[in-house]
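Residue-level structural notes
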Amino acid sequence: VQLVESGGGLVQPGGSLRLSCAASGFTFSKYVMSWYRQAPGKERELVAVISSTGGSTNYADSVKGRFTISRDNAKNTVYLQMNSLKPEDTAVYYCRGSAGSVVVYDYWGQGTQVTVSS
């Protein structure tokens, strides 16, 4: 099982980035996918989540209206489009895949750094 994030980097305030998370080794279309982030000295927090079909999404209040989560089940990839970036968005961004209730399957990527600075 692998989740591999890409697309992070350094961007100026007000700029945009698109993160990608490529999945392999499990049935991607059956998994709820989400993006988390962790800033230095802070706890990891949920940024956005998307249902297995892509029909339902939810966002943290801090990113609503600026970030968009989407997925392509044919490509086994989930995306996070980040617009109007702020310095407080600086963090390591992680992709997560989860499924199941009685038996829970839970996978994480290694993270990609996003730095918003002038």
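Relevant structure appears above.
Quick caveat: nothing in here was measured; it's all calculated off a predicted structure.

With respect to the pairing of strand 4 (residues 32–38)
Counting buried residues in strand 4 gives five out of seven residues, a clear majority hidden from the surface. Strand direction decides the pairing type here: strand 4 and strand 9 (residues 91–99), joined by seven bridges, are antiparallel. Across the sheet, the residue bridging to Trp35 is Cys95, located in strand 9. The sheet contact formed by strand 4 and strand 5 (residues 45–50) spans five bridges and is antiparallel.

Looking at the packing of aromatic side chains
Counted according to the given criterion, the structure contains five aromatic pairs. Here the guanidinium or amino end of Arg44 rests over the ring plane of Trp108, the centre of that ring lying 4.8 Å away. One residue, Arg71, lies across the ring of Phe28, its end atom 4.4 Å from the ring centre.

Looking at the layout of surface pockets
Computed from the structure, the largest pocket encloses a volume of approximately 170 Å³. Here the lining of the largest pocket is composed, by residue class, of two nonpolar, three polar and eight charged.

What to know about the state of the cysteines
By the definition in use, this model includes one disulfide. The side chain of Cys21 participates in a disulfide bridge whose partner is Cys95; the two sulfur atoms lie 2.1 Å from each other. Judged by the sign of its S-S torsion, about -75 degrees, the cystine formed by Cys21 and Cys95 is left-handed. Of this pair, Cys21 sits in strand 3 (residues 17–24) while Cys95 is found in strand 9, placing the two residues 74 residues apart along the sequence. In this structure, Cys21 and Cys95 share a single accessibility class: buried.

Some thoughts on the pattern of salt bridges
Enumeration according to the criterion identifies five salt bridges in this entry. Arg37 serves as the salt-bridge partner of Asp89, at 2.9 Å between the closest nitrogen and oxygen. Of this pair, Asp89 sits in the loop between strand 8 (77–82) and strand 9 while Arg37 sits in strand 4, placing them 52 residues apart in sequence. On the basis of relative accessible area, Arg37 is assigned to the buried category, the value being 6%. Here Lys64 and Asp61 are joined by a salt bridge, their closest N and O atoms 3.2 Å apart.

About the cut-offs
- Residues numbered from 1 in each chain as written.
- Predicted model: local features only at pLDDT ≥ 70, side-chain atom pairs only at ≥ 80, totals over all residues.
- Heavy atoms only, no water.
- Buried < 20%, exposed > 50% of the residue type's maximum accessible area, 1.4 Å probe, protein only.
- Helix = DSSP H or I, 4+ residues; strand = E, 2+ residues; numbered from the N terminus.
- Pairing = 2+ DSSP bridges.
- Phe/Tyr/Trp six-rings, centres within 6.5 Å; stacked < 30°, edge-to-face > 60°.
- Lys NZ or Arg CZ within 6 Å of the ring centre and 35° of its normal.
- 1 Å grid on protein atoms, 1.4 Å probe; cavity = no way out; pocket = protein on both sides within 12 Å on 5 of 7 lines; lining within 4 Å.
- Points joined across faces, edges and corners; volume = space filled by probe spheres on them.
- Nonpolar A, V, L, I, M, F, W, Y, C, P; charged D, E, K, R; others polar.
- Disulfide = S-S within 2.5 Å.
- Salt bridge = Lys/Arg side-chain N within 4 Å of Asp/Glu carboxyl O.

Keep in mind these values describe shape, not function.
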